[in-house]
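Geometric and topological summary
What follows is the residue order along each chain.
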Amino acid sequence: MAKKKKTTVKKPKTIRFQGIKSFFNNRQTQTVIGFFLVIFSVFLLVAFVSFLFSWKADQSELSEFANRSSTVKNLLGKIGYTLSNLFIFKGFGISAFIIPILLFFSGILILFQTSLKKIQKFWFWGILGMLWISILFGFFVVKNSLLSGIVGFELNDYLQQFLGRTGIGLLLLFSFLTYLAIRFKLNIHHISSLFKKKENSITDNSLTDIVKETITQENTDIDLNTKIKSEFELSVEDLKPTISNYMGKNTDKIDEGEDLTLDIELKETEAGIKIDVEKVVEEKHESKNLSDRLVKDFGEFDPTLDLGNYKFPTLNLLKEFNESISINQEELEANKNKIVETLNNYKIGIAKIKATVGPTVTLYEIVPDAGVRISKIKNLEDDIALSLAALGIRIIAPIPGRGTIGIEVPNKNATMVSMKSMISSSKFQKSEMELPIAFGKTISNESFVVDLAKMPHLLMAGATGQGKSVGLNVVLTSLLYKKHPAEVKFVLVDPKKVELTLFNKIERHYLAKLPDSEDAIITDTTKVVNTLNSLCIEMDNRYDLLKTAMVRNIKEYNTKFKARKLNPENGHKFLPYIVLVIDEFADLIMTAGKEVETPIARLAQLARAIGIHLIVATQRPSVNVITGIIKANFPARVAFRVTSKIDSRTILDSGGADQLIGKGDMLFTNGNEIVRIQCAFVDTPEIEKITDFIGAQRAYPEAHLLPEYSGEESGTSLDIDINDRDTLFRDAALVIILAQQGSASLLQRKLKLGYNRAGRIIDQLEAAGIVGPFEGSKARQVYVADEMALNQLLENENK
């Protein structure tokens, strides 16, 4: 009952908050606020200026605000005087003029839809500057005046008691230098480089003056530029004199002076090259900081802006059940006594026993006496089940991390776990996982939430009717309630054609498909093969993007892209997660075989880092359905109830799934311990409501398009040449036409051929247009009706 109250309290607050947020995000609201701020800033500015000339007279005249007989000289009346007196005289002094400036530019920025971060930063520096100027005037002004205001004067007087007048002066200087360093990113290297440039310019000017004086003293009429050009034609050995030589020698020769002139010009050129290099380095440094400036000006890239008004499904779309677990003390006591009695019959003593009641199962933790072998208790599984007269007894010996032995006993009255309670749980709402999945509740009645991105692939298996399809719906519902359409895309494969059809309504929001495909939910085997190969191409393309971005996974890549450090002109883009869901995988293997295995194996091995995750559901993942290579890359397994221990070991590599009671009772493992969970229940009408809610909103123009993949034709076009045909080609064609069934095995039996020769003839028949392409386990279609049509076809070829 407590959980019901919690849900009903949270619901109106969420709706109210969304209403307030949407009100302020409305363009008309922002326009009204922007105009108000601009006009109010002008109002304040006029009031402040008028206050400077009339504040003394107004202070003596205005005794009471509501008194009509009292008048003021302020241009904007009593309100203008009151606000001016508050901000200037009683506030920050002359620095209060910053307030109307801040209001004016805030209004302009809101009108032009500038990001809120920029406006906040604008106000932060404005208020700091206003305080600093107020304290500065308070430092120089002895008495309180309009320059410092009461705030500046009192703060200065208060700080002087601790720092003294000299200390305040140093504090103001330090704060000013800190402002320059943070606001304009100045450092000691910038200042030293400015001084170096000044020294270089002074040195260059002085050297030029020395040269001019030398040339003047020697009375030479040689043109400086001409001499430099001629000296460039000399060999390197002739360019020996330097500035140091000149400073150390007293020579009056014109030749040495001329060499000196050349040497000085070279030094100046070198100085120029050095400056150019510094400029290039600075430009490179600026390009590195370009992303930082873009983030400051425009904020981080938001991939959700295309559907900025998208609203996540609400909780009232899901059904609510009575999930209060009724603890039957008599049942607990009776089960405890039966367990103790059964173990005592086999001379197994118990030191301690404790019960944990869950929604479907109660866990009895026992601590056996010293010297009791664990295997002895584990072998009594059937005997304990017999004494308790219960289905689905499971013994965990030992429980990992606890040092106890667990005996799971089903409750007589099971409690249903609703999807609503899982979505509304704080564990799911506050989770910071990339792809959170709320599976259900554990034996201790805790919400079980896992991250699909860390699994990285999920294998679901169980007998027919035990909850696999509901489990898939739970996974998809969890992601729909947590992730924006820009952040995740689904590729849905449904050979049964009825389980996932409801998700067609959210095609343009969440689904991905091939460019030439009509339906986003794939039911045709041929399209499945093409889609899987297309995902392999997408995987390779994404790895190329990660390589050029110099990151290791999709999370780092998207973080870098959001920070505007990757240029979209170079092919970079925001990468959504792609979740491939395959229901009834065994049916695909039966119809497509190896064509499906290869791309699935590639995706299972490589796709984790680039955000493509697989969820595969099947009844029994035996070796002929899922190969060892594929299965090794599915460490996360979900097992619903199966009929035998062998099937349980096939799924989980351990027993236990055969002891489940069905109806969503499942075991989950991620490569370590096995957790028993009561899977949440989400019904078809709930899925329909969710998809209707999402489908009614504005969507993308089309579904997310995967890379185009042109499948290789199953037939061969190598044997088109009539002369290369087999000698039994016509006989084989007659056999196929009479049987109206195109298969190599038929030719083997009728014509007594080997498999290889029969296969080649079938390829030749396909190239000739007599039979259709390969269709998996089905026989090929025969396009020629009778022998007469065959003769006509062959005659046309000979012509």
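Quick caveat, the model's predicted, so the values are computed rather than measured. (Residues numbered from 1 in each chain as written. Predicted model: local features only at pLDDT ≥ 70, side-chain atom pairs only at ≥ 80, totals over all residues. Heavy atoms only, no water.)

This paragraph deals with the overall build of the protein chain. Along the backbone of the protein chain there are 28 helices and 15 strands. Per-residue burial for the protein chain yields a buried fraction of 43% across its 799 residues. For the protein chain, contacts bridging at least 24 residues in sequence account for 66% of all contacts bridging at least 6. For the protein chain, the accessible area works out to roughly 44,400 Å², and carbon and sulfur atoms hold 56% of it. (Helix = DSSP H or I, 4+ residues; strand = E, 2+ residues; numbered from the N terminus. Buried < 20%, exposed > 50% of the residue type's maximum accessible area, 1.4 Å probe, protein only. Contact = heavy atoms within 4.5 Å. Areas by Shrake-Rupley, 256 points an atom, 1.4 Å probe, with all protein chains shown as cover.)

Our focus in this paragraph is helix H5 (residues 116-140). Its 25 residues give H5 an end-to-end C-alpha distance of 37 Å, which sits within 8% of 36 Å, the value for a rise of 1.5 Å per residue. Burial in H5 covers these residues: Ile119, Trp125, Gly126, Met130, Ser134, Ile135, Gly138 and Phe139. Looking at the buried residues of H5, the elements they touch are helix H3 (77-92), helix H4 (98-111) and helix H6 (149-183). (Expected span 1.5 Å × (residues − 1).)

One open sheet holds the nine strands; their spatial order is S6-S5-S14-S13-S12-S7-S11-S10-S8, and the pairing between them is mixed. If you trace the sheet from one side to the other, it starts and ends with strand S6 (447-451) and strand S8 (488-493), each paired once. Averaged over all neighbouring strand pairs, the angle between strand axes comes to 30 degrees, with direction disregarded. Two strands pair when backbone bridges link them, and strand S5 (residues 436-442) and S6 are joined in this way by five bridges, in the antiparallel orientation. Bridge pairing in S6 links alanine 438 to valine 449. Of the strands in this sheet, S8, strand S10 (577-582) and strand S11 (612-618) touch helix H18 (residues 525-549), which is tilted by about 155 degrees from S10. Where helix H23 (residues 645-652) meets the sheet, its contacts fall on strand S7 (458-461), strand S12 (636-639), strand S13 (665-670) and strand S14 (674-679), and the angle it forms with S12 comes to roughly 155 degrees. (Pairing = 2+ DSSP bridges. Axes fitted to C-alpha atoms, helices over the stretch in contact; angles between N-to-C directions.)

With that settled, consider the confidence of the model for the protein chain. Averaged over every residue, the pLDDT of the protein chain is 78; the share at 70 or more is 79%. The least confident element of the protein chain is helix H8 (residues 224-231), whose mean pLDDT is 37; the most confident is S10, at 95. Taken together, the stretch residues 1-11 has pLDDT below 50 and engages in eight contacts with residues farther than four places along the chain or on a different chain. Within the model, the stretch residues 713-719 combines pLDDT values under 50 with nine contacts to residues more than four positions away or in other chains. (pLDDT = per-residue confidence, 0-100.)

What follows covers the packing of aromatic side chains. Enumeration over the complete set of coordinates arrives at 15 aromatic pairs. A centroid spacing of 5.2 Å and a plane angle of 65 degrees characterise the contact between tyrosine 158 and phenylalanine 162, whose relative ring orientation is edge-to-face. With tyrosine 158 and phenylalanine 162 both in helix H6, this residue pair falls four residues apart, about one helical turn. Look at tyrosine 158 and you get partly exposed, because its relative accessible area is 48%. (Phe/Tyr/Trp six-rings, centres within 6.5 Å; stacked < 30°, edge-to-face > 60°.)

Okay, helix H26 (residues 744-751) next. Every buried residue belonging to H26 is among Ala744, Leu746 and Leu747, and all of these are buried. Seen end-on, H26 carries its buried residues on one side only, within an arc spanning 155 degrees. In this structure, the buried side of H26 is in contact with helix H25 (729-739) and helix H27 (755-767). Of the residues trailing H26, lysine 752 is marked for its positive phi of about 55 degrees. (Arc of directions from axis to C-beta.)

What follows is about the sheet that holds strand S3 (residues 394-399). Strand order in the open sheet made by the four strands is S1-S2-S4-S3, with antiparallel pairing throughout. Every other strand in the sheet has two partners, leaving strand S1 (350-357) and S3 as the edge strands with one partner each. Across the sheet, the mean angle separating the axes of adjacent strands is 20 degrees when strand polarity is ignored. Both S1 and strand S2 (residues 361-368) contribute to a ladder of seven bridges, which runs antiparallel. Paired with valine 357 across the strands is threonine 362, a residue of S2. Here helix H11 (residues 329-345) sits on the sheet in contact with S1, S2 and strand S4 (404-410), set at roughly 40 degrees to S2.

A separate point is a nonpolar patch on the surface. Taken together, the side chains of Val42, Val46, Leu75, Ile101, Phe104 and Phe105 define a hydrophobic patch exposed on the protein surface, amounting to about 530 Å² of accessible area. Contributions of two or more residues to the nonpolar patch are made by helix H2 (27-61) and H4. With three residues, the single largest contributor to the nonpolar patch is H4. Mapping leucine 75 onto the fold places it in the loop between H2 and H3. Of the residues examined, leucine 75 reaches a relative accessible area of 66% and is grouped as exposed. (Patch = residues over 30% accessible without salt bridge, like charges linked within 9 Å, V, L, I, M, F, W, Y side chains within 5 Å. Salt bridge = Lys/Arg side-chain N within 4 Å of Asp/Glu carboxyl O.)

Take the pairing of S6 next. Across the five residues that make up S6, a large majority, five, are buried. Hairpin connection, S5 to S6: the antiparallel pair is bridged by four residues, and asparagine 445 has positive phi, about 65 degrees.

This part covers the pairing of S4. The buried fraction of S4 is high, at seven of seven residues. Residues Thr404, Gly406, Glu408 and Pro410 line one face of S4 and the alternating positions Ile405, Ile407 and Val409 line the opposite face, and both faces are buried. In this structure, S2 lies alongside S4, joined through six bridges in antiparallel fashion. Residue pairing across strands places glutamate 365 opposite glycine 406, the latter belonging to S4.

The nonpolar side chains of a soluble globular protein tend to be buried, and buried together. Phe439, Leu458, Phe490, Leu580, Phe585, Leu603 and Phe668 are the most contacted members of the largest nonpolar core, which totals 102 residues. A per-element tally of this core places H18 first, with nine residues. With residues up to four places along the chain from it excluded, the contact list for phenylalanine 668 reads Phe439, Phe448, Val450, Met455, Leu458, Ala636, Arg637, Val638, Glu673, Ile674, Val675 and Ile677. One finds Phe729, Leu753, Ala768 and Leu794 within the second-largest nonpolar core, a separate group that totals 22 residues. (Core = buried A, V, L, I, M, F, W, Y, C linked by side-chain atoms within 4.5 Å.)

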